[in-house]
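Structural description and commentary
Residues per chain are reported as follows:
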There are 2 protein chains.
Amino acid sequence: MSNRKHNFSAGPCTLPLSVLEEAQKEFVDYQGAGMSLIEMSHRGKHFDAVANEAMVLAKEVFGAPDDFSVLFLQGGALLQFSMVPMNLLGANDKAAYVNSGTWAKGAITDAREYGNVYLAWDGESDNFTRMPLSNELQLEENTRYLHITSNETIGGIRIHEWPDVNVPLVGDMSSDYMSRPIPWRKFDLVYGGVQKNLGPAGMAVVFVRKSILEHTNRNIGRYLRYDIQEEKGSMFNTPPVFTIYMLGKVLKWMKAEGGLQAMEHNAIKKSGLLYDAIDGSGSFYNCPVEVASRSHMNVVFRLPSEELEQKFIAEATQSDLLNLKGHRSVGGCRASIYNALPYESVAALVDFMQTFQKTNA
Amino acid sequence: MSNRKHNFSAGPCTLPLSVLEEAQKEFVDYQGAGMSLIEMSHRGKHFDAVANEAMVLAKEVFGAPDDFSVLFLQGGALLQFSMVPMNLLGANDKAAYVNSGTWAKGAITDAREYGNVYLAWDGESDNFTRMPLSNELQLEENTRYLHITSNETIGGIRIHEWPDVNVPLVGDMSSDYMSRPIPWRKFDLVYGGVQKNLGPAGMAVVFVRKSILEHTNRNIGRYLRYDIQEEKGSMFNTPPVFTIYMLGKVLKWMKAEGGLQAMEHNAIKKSGLLYDAIDGSGSFYNCPVEVASRSHMNVVFRLPSEELEQKFIAEATQSDLLNLKGHRSVGGCRASIYNALPYESVAALVDFMQTFQKTNA
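On a predicted model such as this, the values are computed, not experimentally measured, just so you know.

All names here are of chain A. Over its 13 residues, helix α3 (residues 76-88) extends 18 Å from the first C-alpha to the last, a length consistent with the 18 Å expected when each residue adds 1.5 Å. Of all the bends in α3, the largest measures some 30° and sits at Ser82, one to four residues before the proline Pro85. Within α3, 13 of the 13 residues are buried, leaving the element largely enclosed by the surrounding structure.

Written out as structure tokens, the structure is:
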């Protein structure tokens, strides 16, 4: 497609063009079945194959060990903010949370409805410009889990040192999902919405350690129970067929591109190019985030004034560099450069930034 | 498409071919934007227009009065089984349920986790072959709502007389959603999954009476709160973009076809053709459902033996009449004939039934 634009949206966002074209081709008549995949029973052989492949690939691409099950659940990461404490927190347990920004705060707010929650670390006083080191985390007795947000989409920070603590981790990985390896042995549960690195919006992928499912709470509605969803292979009710289908295609693309290693390599390369341009601009562009905590997915930066930021975003848009506005809660600029965003898009942005600086410095 | 098959799936199921073809055409590059709709920010102007149109059309096509809000929520009808009592049931309330079959039972099971629940009527002793009349419903004091399932997908029965009671109704309408007018004044809340009459799987549409949102429970996770979802226009978090987009297209198709009246007219015509064929077969085909309660969406029928049923389904499949197997929990045959299934498909099925009878009677 010749007129494809550079799309720096924070999510939903750029998907691999080859995936889109393939899905388009088979959209009306799936594999000669005489109907679309989205018209088929989710218990039939076609979708069964699609769902199985997506589940196997999700574990394979992310390197999840055999003692984890993968669940496909509706409601995005936001519903997981409730489901995690609903399922995991017992009456005598506490849950520890790292308050690293907007998304962590959301997880904390919802968890407080379902149990005893405290902050193991609070980044508010640093204005959420960095992630904590392990030795800064304060854990109390009877802590069931420590909840972390691996990447804050709005603040543009990421966990660079996985917590070294003696309680299981639960991780919201929505905005850097499957962009780097993770230390599985530390985790009881990993979750994230798919609408950034993995596919179209409408689902969360949850990896849960099988052994904890024996001890999760039972006195909750069945859709919300991890044990039931696992037992039913995420088909307790009609699953989001199209989203699972597209997830499978994106995972296949990731595997063909070289898997998690390649994704991480590209993320370092793309974000490095952009941070170098920012740092090399003599403070015309400025990233407020502590260097070690800088996100490889969401690169936030400011210009000398809000007027220049507006001009920058407007002129970038005219140059087909889209969705560079920072989140409304923090302002500034943000380039989200997820797995499927081509290197060429980042290079085009850096070119534009340099030209813009020359004209406006 | 010349090789399109007759698809009697209970859901996901047949969608209008024109809708599929239109979506295919604009799948990779949406309206010349240089990206797919599923790659766009859900806060951007393109999706904003799509979501608004779908919301307006949902109310318009279904004839919902102004004092109802429409919500697009993930998790299907099954998550509503929990959300309804979570939000609506106070500590001193009771909830009455009509036990009309498999889906009602599910709603009852989940509601029991969240409050005081009793059965206003139980169809189990009739083997779920009919719906109750109003004078059969037994309501207790302090009943917050009476929950009904307007159509049981598996049993093939539908409510033919809307309950005339002095408590608000809550209705699960998943399997006959927007196929007939409903008495809105009786309802506080109407919900249903979209994957039968309205679009691809992955969402429930919920109509909620605005005035009750002042009194819903607040001590629950935010995704699960009707008041928050309403205040945020169902965009508290990233919505299922593609499902909403397709829902809008299906609603537009419904409107162009003549709206709810036409849908009801067609449903009566299609189901009538099929029930006439069954009733006129001299008991070769047999529908176990009481005549007044017969579903216009899911037509269940038996043959003289299970062997003949298997043969019937196998030979129908070879004649491109697909997915006629009854639900595994009840056996037999079932033809689901939702809004988008053409009359010609039902006519082809009836032809096949007559031929099959001649050969096998």
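Our next topic: the pairing of strand β10 (residues 204-209) of chain A. Residue and element names in this part refer to chain A. The element β10 is extensively covered by neighbouring structure, given that six of its six residues are classed as buried. Of the two faces of β10, both are covered, the one formed by Ala204, Val206 and Val208 as well as the one formed by Val205, Phe207 and Arg209. In terms of strand pairing, strand β2 (residues 68-73) meets β10 through six bridges, oriented antiparallel. Looking at β10, one finds that Leu71 is bridged to Val206. Pairing geometry for strand β9 (residues 187-193) and β10, over five bridges, is antiparallel.

Attention shifts here to the layout of surface pockets. Taken as a whole, the second largest pocket spans an internal volume of roughly 1400 Å³. Lining of the second largest pocket is provided by 50 residues; of these, Ser41(A), His42(A), Arg43(A), Gly11(B) and Arg334(B) occupy positions nearest its centre. For the lining of the second largest pocket, the secondary structure elements donating two or more residues are α2 (45-62) of chain A together with α3 (76-88), α4 (102-111) and α8 (306-318) of chain B. Per-class residue counts for the lining of the second largest pocket are 16 nonpolar, 23 polar and eleven charged.

Take the sheet that holds β10(A) next. Residue and element names in this part refer to chain A. In spatial order, the strands read β2-β10-β9-β8-β5-β3-β4; together these seven strands make up an open sheet with mixed pairing. Looking along the sheet, the strands with just one partner apiece sit at the ends: β2 and β4 (116-122). Sheet twist, expressed as the mean angle between neighbouring strand axes with direction ignored, is 20°. Note that strand β8 (residues 169-172) and β9 share four bridges and pair parallel. Residue pairing for β9: Leu169 is matched across the bridge by Phe187. Those strands touched by α3 are β2, β3 (94-99), β5 (143-149), β8, β9 and β10, and its axis lies near 155° from that of β9.

Residue and element names in this part refer to chain A. A complete count under the given rule lists 42 salt bridges over all chains for this structure. Here Arg302 and Glu309 are joined by a salt bridge, their closest N and O atoms 2.7 Å apart. Assessed through its relative accessible area of 27%, Arg302 is described here as partly exposed. Each of Asp67, Arg144, Asp188 and Arg209 takes part in salt bridges that share partners, so that together they form one network.

Turning to the packing of helix α6 (residues 241-257) of chain B against helix α7 (residues 259-279) of chain B, a few remarks are in order. Residues and elements named next belong to chain B. The interhelical angle for the contact between α6 and α7, taken along N-to-C directions, is 80°, at an axis separation of 6 Å. For the element pair α6 / α7, the angle class is roughly perpendicular. Along the contact surface, α6 presents Trp253, Met254, Lys255 and Glu257, while α7 presents Gly259, Ala262 and Met263. Tallied by class, the residues present in the contact of α6 with α7 amount to four nonpolar, one polar and two charged.

Residues and elements named next belong to chain A. What you see with β8 is no split at all: Leu169 and Gly171 on one side and Val170 and Asp172 on the other are buried throughout. Pairing analysis gives four bridges linking β5 to β8, with the strands arranged parallel. The residue bridging Ile148 from the neighbouring strand is Gly171, located in β8.

Residue and element names in this part refer to chain B. Strand order in this open sheet of seven strands is β2-β10-β9-β8-β5-β3-β4, and the pairing throughout is mixed. Looking at the sheet topology across the chains shown, the edges are occupied by β2 (68-73) and β4 (116-122). Across the sheet, the axes of successive neighbouring strands diverge by a mean angle of 20°, strand direction being ignored. Along the sheet face, α3 touches β2, β3 (94-99), β5 (143-149), β8 (169-172), β9 (187-193) and β10 (204-209) and points at about 155° away from the line of β9.

Quick look at the packing of helix α1 (residues 17-25) of chain A against helix α6 (residues 241-257) of chain A now. Residue and element names in this part refer to chain A. Contact geometry for α1 and α6: axes closest at 10 Å, N-to-C directions at 135°. Considering their axes alone, α1 and α6 lie oblique with respect to each other. Between α1 and α6 the crossing geometry is right-handed. Contact with α1, carried on its side by Ser18, Val19, Leu20, Glu22 and Ala23, involves Tyr245, Met246, Lys249, Val250 and Trp253 of α6 and no other residues of that element. Counted by class, the contact of α1 with α6 contains seven nonpolar, one polar and two charged residues.

So, about the relation of the copies chain B and chain A. Note: a rotation about an axis with an accompanying shift along it relates these two copies of the chain. Least-squares fitting of chain B to chain A yields an RMSD of 0.0 Å, with the transformation described by 0.0 Å of translation along the axis and a rotation of 180°. Such a turn and shift between the copies fits a two-fold axis. When the interface residues of chain B are mapped onto chain A, 100% of them again fall at the interface, so both copies present the same face.

Now for the confidence of the model for chain A. When pLDDT is averaged along chain A, the result is 97, and 99% of the positions lie at 70 or above. Taken over the whole predicted complex, pTM reads 0.98, whereas the ipTM for its chain interfaces reads 0.98.

Let us now look at the domain arrangement of chain A. All names here are of chain A. If you check the domain split of chain A, you get domain 1 (18-256) and domain 2 (258-360). For domain 1 and domain 2, the distance between their C-alpha centroids amounts to 27 Å. Between domain 1 and domain 2, the contact holds 27 residues from the first and 24 residues from the second. One can count zero salt bridges joining domain 1 with domain 2. Inspection of the domain 1/domain 2 interface yields 14 residue pairs in polar contact (both at pLDDT 80 or more).

What counts, and at which threshold
Residues numbered from 1 in each chain as written. Chains lettered and ligands numbered in written order. Predicted model: local features only at pLDDT ≥ 70, side-chain atom pairs only at ≥ 80, totals over all residues. Heavy atoms only, no water. Helix = DSSP H or I, 4+ residues; strand = E, 2+ residues; numbered from the N terminus. Expected span 1.5 Å × (residues − 1). Bend = angle between axes of the 7 residues up to and from the residue. Buried < 20%, exposed > 50% of the residue type's maximum accessible area, 1.4 Å probe, protein only. Pairing = 2+ DSSP bridges. 1 Å grid on protein atoms, 1.4 Å probe; cavity = no way out; pocket = protein on both sides within 12 Å on 5 of 7 lines; lining within 4 Å. Points joined across faces, edges and corners; volume = space filled by probe spheres on them. Nonpolar A, V, L, I, M, F, W, Y, C, P; charged D, E, K, R; others polar. Axes fitted to C-alpha atoms, helices over the stretch in contact; angles between N-to-C directions. Contact = heavy atoms within 4.5 Å. Salt bridge = Lys/Arg side-chain N within 4 Å of Asp/Glu carboxyl O. Parallel < 35°, antiparallel > 145°, perpendicular 65-115°, else oblique. Left-handed = near helix turned anticlockwise from the far one by under 90°. Least-squares fit on C-alpha atoms with pLDDT ≥ 70 in both. pLDDT = per-residue confidence, 0-100. Domains from an automatic or database assignment. Polar contact = N/O pair within 3.5 Å; in protein donor to acceptor, adjacent residues only side chain to side chain.

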